[in-house]
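# Geometric and topological summary
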Amino acid sequence: MMGGGGGGGGGQMQQVAQEIEQMEQEVDAIDEEIERLRDKQTDIDEAIEAIETLDSGSTVQVPLGGDAYIRATIEDIDEVVVSLGGGYSAEREQDGAVSTLETKKETLDDHISDLQEEKAEVETEMEELEQQAQQMQQQQMQQMMQQQEQEDE
């Protein structure tokens, strides 16, 4: 009878271990998403710098895809086409383009903050489960020791 009770505790331990593993995977996924968003922010920073430093008549390399580029001359830096999201783009003057990009960057900052909060919540929950698992393990050890003492008597 006692051995059956211990087996139930083992099943519960296994369930807690699985939950902890799922949470670790969730934390990893959040970290990957944060890294992806930070890469986007870097791209935005580079675009802002280019808009602010390039002049009409400057020569640039334009990506064609597949790591192929072509040299092109900027005809008019005063008008920049900026993606607005959802497949839409708009032509903006230099300052408007920079403003649009900075707004996108702020939105990414907000999303990163939300993800960091979510990650902290998952980590807190994971720590609580780990403590619960340790307590369960200690209880199992105590039960085993008590059983051993009873068998020795």
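Labelled according to an unreviewed UniProt entry, the protein appears under the name Prefoldin subunit alpha, originating from Haloarcula hispanica N601. Database annotation for the protein, UniProt heading Subunit (unreviewed entry): "Heterohexamer of two alpha and four beta subunits." Recorded in UniProt under Subcellular location (unreviewed entry), the annotation for the protein is "Cytoplasm".

All right, on to the overall build of the protein then. When you go through the protein residue by residue, the secondary structure sums to two helices and four strands. A compact globule built from 153 residues should have a C-alpha radius of gyration of about 15 Å, whereas the protein, at 28 Å, is more than 25% larger. Overall, the protein is about 95 × 30 × 25 Å in size when its C-alpha atoms are taken along their principal axes. For the protein, with 153 residues in total, the buried portion stands at 22%.

Here the focus is the environment of T100. The residue T100 is located in helix α2 (residues 94–152) in this model. Ignoring any residue separated from it by four or fewer positions in sequence, one finds T100 in contact with V82, S83, L84 and R92.

The next thing to look at is the pattern of salt bridges. Enumeration over the complete set of coordinates arrives at three salt bridges. In this structure, E33 engages R36 in a salt bridge whose closest nitrogen and oxygen atoms are separated by 2.6 Å. Of this pair, E33 and R36 are both found in helix α1 (residues 2–53), three residues apart, which corresponds to roughly one turn of the helix. Its relative accessible area of 23% is what places E33 among the partly exposed residues.

Next up on the list: the UniProt feature "coiled-coil region" (unreviewed entry) in the protein. In the numbering used here, UniProt assigns the feature "coiled-coil region" (unreviewed entry) to residues 13–50. Between the C-alpha atoms that bound residues 13–50 there is a distance of 56 Å. The span itself is 100% helix and 0% strand.

As paired strands, strand β1 (residues 59–65) and strand β2 (residues 68–73) are joined by six bridges and run antiparallel to one another. Counterpart to V60 in the pairing with β2 is A72. The antiparallel hairpin formed by β1 and β2 contains two residues in its connecting segment, where G66 sits at a positive phi of about 60°.

The next point concerns the nonpolar core. Across soluble globular proteins, nonpolar side chains show a tendency to be buried alongside one another. Ranked by size, the top nonpolar core spans 14 residues in total, and within it I51 and L101 carry the most contacts. Residue assignment for this core shows that the elements contributing at least two residues are α1, β3 (79–85) and α2. For I51, the residues in contact, after removing those within four places along its chain, are I77, V80, Q94, A97, V98 and L101. By size, the runner-up hydrophobic cluster in this structure holds 10 residues, among which are V16, V27, V122 and A133.

How each quantity is defined
Residues numbered from 1 in each chain as written. Predicted model: local features only at pLDDT ≥ 70, side-chain atom pairs only at ≥ 80, totals over all residues. Heavy atoms only, no water. UniProt positions renumbered as here; feature names shortened; annotations may be inferred. Helix = DSSP H or I, 4+ residues; strand = E, 2+ residues; numbered from the N terminus. Rg over C-alpha atoms; globule rule 2.2 N^0.38 Å. Buried < 20%, exposed > 50% of the residue type's maximum accessible area, 1.4 Å probe, protein only. Contact = heavy atoms within 4.5 Å. Salt bridge = Lys/Arg side-chain N within 4 Å of Asp/Glu carboxyl O. Pairing = 2+ DSSP bridges. Core = buried A, V, L, I, M, F, W, Y, C linked by side-chain atoms within 4.5 Å.

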